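Overview (structure and organization)
Residues per chain are reported as follows:
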Amino acid sequence: MSSQLPIASRAAVRTTARRDLAADRRAVIGVVVVNALAAGAGLVAPWLLGRIIDTIRTGSGDVLGAVDKLALGALVFTVVQTVLSWWALKIGYRFGERTAARVRERFLQRTLALPPRVADHLPAGDLIARGNTDTSLVASTLRSALPEVLVALIHALFLVIAVLLLDLRLGLCGLVCLLGVAAAVRWYVRRARPAYLAVAATGAELADVVASTAKGARTIEVLGLEERRFELTESAIKNSRRARIDALWLRTILFPWSEIALALPVVAVLLIGGALYSNDLISLGSVVTATVYLRQLIGPLDTLMLWIEQLQGAGASYARVEGLADVPADERSDARTDGDRIRVENARFSYTGDRDVLRGIDLDVQPGERLAIVGTSGAGKSTLARLLAGLDRPHTGAVTIGGAPVADLPPDELREHVVLVTQDQHIFHDTLRANLLIAKPAATDDELYAALRAVGADWAQSLDADAELDDASAQQVSLARVVLADPHTLILDEATALLDPRTARQTEQSLAAVLRGRTVIAIAHRLQTAHDADRIGVLEAGRLVELGTHAELVAANGVYGRLWRTWHS
Ligand SMILES: Nc1ncnc2c1ncn2[C@@H]1O[C@H](COP(=O)(O)OP(=O)(O)OP(=O)(O)O)[C@@H](O)[C@H]1O
């Protein structure tokens, strides 16, 4: 699946951000208050510098003593400002760490809560990109950018207020010149969100192509698709590169523009302040203080500019991480089964919504029956297996066990009725016990050993050993899980088809023990499997075109009869 996962809207992002801030209210208030104190303390030194100049120019009496006191005051307030700023940053960093952890946990919980049926159809690369790149960017922004931005914002605000209070004329002049910075930021912010969403989306597309190429390496090699995959990867790299260059281009405009705009207020205040001073309309100390304030403003504004880019990127990533909340949930009713009988009634299914790959299947499987499904590649065999196992639901018609829709059964109950066995079984990096308990959480150690013995896994000496297994042993563990789950029906889809011959032989022996006494629906890749079954269903282009015993189908001389004769001869 190559479509993208949902992206949270601006309104949803704002609501979640507010909730994240509210969750750590004390820290947020702490950052703001301590920062405000630090910024207030920072204003004192330039003001005292102005007083020093005015005292030297106009003072009489103990000028030196007065200057010393003012200089000492400036030193004390500078130290106070440094300590308070450090403290504010510390609170901010801690807030960032906690919030980043909250965002990560939320993402993980949402991912783990996805029903398998929904998770199966999500674009894996996009999900991985959101879990890695996007959450990392959000976390690093929360950890470092956000506290520094908060500090810079409050500092800048205090400097602007201070210069206005010091002298309204110089303050207004400085502010007018700052409009250039505002224009630069506005220009940038408008373009940055789509640009960074494009960077993330093309990155995810690239991850998707690489992940699916790696996953399907065998098929690609067998079908000679290397050239096509190479082209797809190249095109994904090109798209990702283009999106990054577009985003970088925005920065190449923003930075020079804002550098010039930041110098303007200082120049303007010096010129206008100088003119006012020449006409005795302002003291030299006030001009110097105003100039120092505006000069100091460059620091926090520079910080804001620097981080604004990361904030934009992180904003886009935050929207992508939170977008997972909008993945449509899987609607399940509380179905109850009455018996083991599996029925498929007029089932139609489509992966894409526009083309049905199953087109009206009717099938009635008797308890204890062995049914083989045969058909050419792409006929819909695996899709039917997924529907029978409750992994997908038909868009029309029904697939039921004992009268209840299979896909509606809660996972624990479903496992007791039907299990799909494929060759693609996952063994977790954990102990053997933990890997087995997945199938029956309440099982005793004796039951676990019995299940392992039943599938011939005599190598298992300790349940506490790490389950790092070769293919054959991993298959045995997955079959032992089936023994533990003890479903009345097994669906076998390519359980051994692509395994190497030795592993396939071992797995088939283990499988034989598991199949005993159960209803078995096998996707048959070899006609011998079909021959041994009680009944055979033949799928062609999404339709069940034949259904009967081997003898009946051979006698009817239809699709299966011809296949059998060709194979036999
Ligand atoms: N995840 C998917 N998204 C879109 N189309 C799919 C998906 N999986 C299968 N299909 C399509 O559905 C059709 C039926 O596929 P299915 O795998 O069920 O066939 P099959 O009979 O099992 O084939 P094979 O023996 O090659 O596995 C095919 O046209 C296939 O391309």
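Each chain has its residues counted from 1, running along the sequence as written. Confidence filtering applies because this is a predicted model: local features only for residues at pLDDT of at least 70, side-chain atom pairs given and counted only at 80 or more, and all residues used for totals across whole chains, interfaces and linings.

With that out of the way, let us pick up the overall build of the protein chain. Helix and strand labels come from DSSP, where a helix needs a run of H or I of at least four residues and a strand needs a run of E of at least two; each type is numbered from the N terminus. Of regular secondary structure, the protein chain possesses 18 helices and ten strands. Think of it as a crowd count around each C-beta: if 20 or more other C-beta atoms lie within 10 Å the residue is buried, if 12 or fewer it is exposed, and in between it is partly exposed, with C-beta placed from the backbone throughout. Every one of the 569 residues in the protein chain was classed for burial, and the buried ones make up 37%.

Further remarks concern the site of the ligand. The environment of the ligand is formed by Tyr351, Thr352, Val357, Gly375, Ser377, Gly378, Ala379, Gly380, Lys381, Ser382 and Thr383. Per-element tally for the shell around the ligand: the top contributor is helix α10 (residues 381-388), with three residues. Lys, Arg, Asp and Glu make up the charged group, whereas Ala, Val, Leu, Ile, Met, Phe, Trp, Tyr, Cys and Pro make up the nonpolar group; the residues left over, Gly among them, are polar. Residue classes in the shell around the ligand are distributed as three nonpolar, seven polar and one charged. Proximity of a residue to a molecule or strand is defined by its backbone-placed C-beta atom lying within 6 Å of that partner.

Of the strand pairs in this sheet, strand β9 (residues 535-540) and strand β10 (residues 543-548) are connected by five bridges, and their pairing is antiparallel. Residue pairing across strands places Val538 opposite Glu546, the latter belonging to β10. Between any two strands, pairing holds if DSSP finds at least two bridges. Counting the residues in the hairpin turn of β9 and β10 gives two residues, including Ala541, whose phi is positive at 45 degrees.

Moving on, we come to the sheet that holds strand β7 (residues 489-493). Taken in spatial order, the six strands line up as β6-β7-β8-β3-β9-β10 in an open sheet, and their pairing is mixed. Here the strands that pair on one side only, and so sit at the sheet edges, are β6 (418-422) and β10. On average, adjacent strands in this sheet sit at an angle of 20 degrees to one another, irrespective of strand direction. By definition, residue pairs are in contact when their C-beta atoms, positioned from the backbone, come within 7 Å. The convention used is that axes are lines fitted to C-alpha atoms, helices contributing only their stretch in contact, and that angles between N-to-C directions extend from 0 to 180 degrees. On top of the sheet, helix α18 (residues 559-568) reaches β3 (370-375), β9 and β10; it is set at about 105 degrees to β9, its chief contact.

This next bit is on the nonpolar core. By size, the foremost hydrophobic cluster in this structure holds 76 residues, and its most contacted members are Val138, Val163, Tyr196, Ala290 and Tyr293. At the level of elements, α2 (25-58), α3 (63-113), α5 (124-166), α6 (168-215), α8 (226-278) and α9 (284-322) are the ones that each hand at least two residues to this core. With 18 residues, α5 is the single largest residue contributor to this core. Apart from the residues lying within four places of it in its own chain, the contact partners of Val138 are Ala100, Val103, Ala314, Ser317, Tyr318 and Val321. In terms of nonpolar packing, the next biggest core, distinct from the first, is built from 62 residues, Ile342, Leu387, Val421 and Val482 among them. For this analysis, nonpolar core means a set of buried Ala, Val, Leu, Ile, Met, Phe, Trp, Tyr and Cys residues linked through C-beta atoms within 7 Å.

All right, on to the packing of α8 against α9 then. At a closest axis distance of 9 Å, the pairing of α8 and α9 adopts a crossing angle of 170 degrees. Classified by the angle between their axes, α8 and α9 sit roughly antiparallel to one another. Each of Arg251, Leu254, Ser258, Leu262, Pro265, Val266, Val269, Leu270, Gly273, Gly274 and Tyr277 in α8 lies in contact with α9, whose residues at this interface are Leu284, Val287, Ala290, Thr291, Leu294, Arg295, Ile298, Leu301, Asp302, Met305 and Glu309. Its residues assigned to classes, the contact of α8 with α9 comprises 14 nonpolar, four polar and four charged. With respect to orientation, any angle under 35 degrees is reported as roughly parallel, any angle over 145 as roughly antiparallel, any angle of 65 to 115 as roughly perpendicular, and every other angle as oblique.

Right, let's get into unusual backbone geometry. We note that Asp280 has phi near 60 degrees; this positive angle belongs to a residue other than glycine. By the secondary structure assignment, Asp280 is in the loop between α8 and α9. Owing to 7 C-beta atoms within 10 Å, Asp280 belongs among the exposed residues under this scheme.

So, on to the packing of α6 against α8. Angle between the axes and distance between the axes are the two parameters that describe a pair of packed helices. Where α6 contacts α8, the two axes come as close as 8 Å, and the packing angle between them is 170 degrees. As far as their axial angle goes, α8 and α6 are roughly antiparallel. Taken together, the residues of the contact of α6 with α8 sort by class into 31 nonpolar, ten polar and six charged.

Quick look at the UniProt feature "transmembrane region" (unreviewed entry) in the protein chain now. UniProt positions are given in the numbering used here, feature names are shortened, and annotations may be inferred rather than shown by experiment. Those places that UniProt annotates as "transmembrane region" (unreviewed entry) correspond, in this numbering, to residues 27-50, 70-89, 149-166, 172-189 and 248-277. Taken end to end, residues 70-89 is 100% helix and 0% strand, and its first and last C-alpha atoms sit 28 Å apart. Within the segment residues 248-277, helix and strand shares are 100% and 0% respectively, and the terminal C-alpha atoms sit 44 Å apart.

Turning our attention to the environment of Leu172. Residue placement: Leu172 occurs in helix α6. Residue Leu172 is classed as partly exposed on the basis of its 13 C-beta neighbours within 10 Å. Leu172 sits twelve residues away from Val160 along the chain, and the two C-alpha atoms are 9.4 Å apart.

So, on to the sheet that holds strand β2 (residues 356-365). Hydrogen bonding along the main chain pairs the strands of a sheet, whether they run parallel or antiparallel. Read across the open sheet, the four strands follow the order β2-β1-β4-β5; overall the sheet is antiparallel. Looking at the sheet topology across the chains shown, the edges are occupied by β2 and β5 (404-405). Across five bridges, strand β1 (residues 342-350) lies against strand β4 (residues 396-401) in antiparallel orientation. Residue Glu345 lies in a different strand from β4, and its bridge partner there is Ala398.

Turning our eyes to something else, we now look at α10. The element α10 is largely enclosed, with a buried count of seven among its eight residues. All of the buried residues in α10 are Lys381, Thr383, Leu384, Ala385, Arg386, Leu387 and Leu388. Positioned one or two residues after α10, Gly390 has a phi angle of 80 degrees, which is positive.

Here we take up α8. A helix is expected to span 1.5 Å multiplied by its residue count minus one. Over its 53 residues, α8 extends 78 Å from the first C-alpha to the last, a length consistent with the 78 Å expected when each residue adds 1.5 Å. Turning to α8, the residues buried within the fold contact α6 and α9.

Attention now goes to the pairing of β7. β7 sits mainly inside the fold: five of its five residues count as buried. Side chains Thr489, Ile491 and Asp493 of β7 all project onto a buried face; the interleaved residues Leu490 and Leu492 project onto the opposite face, where all are buried too. One ladder, built from five bridges, connects β6 with β7; its direction is parallel. Across the sheet, the residue bridging to Thr422 is Asp493, located in β7. In this sheet, strand β8 (residues 519-523) lies alongside β7 in parallel orientation, the contact comprising five bridges. Residue Thr489 lies in a different strand from β8, and its bridge partner there is Thr519.

A few words now on the environment of Leu225. Note on placement: Leu225 falls in the loop between α7 (217-223) and α8. What makes Leu225 partly exposed here is the crowd of 14 C-beta atoms within 10 Å. Placed twelve residues apart in sequence, Leu225 and Thr213 show a C-alpha to C-alpha distance of 9.9 Å.

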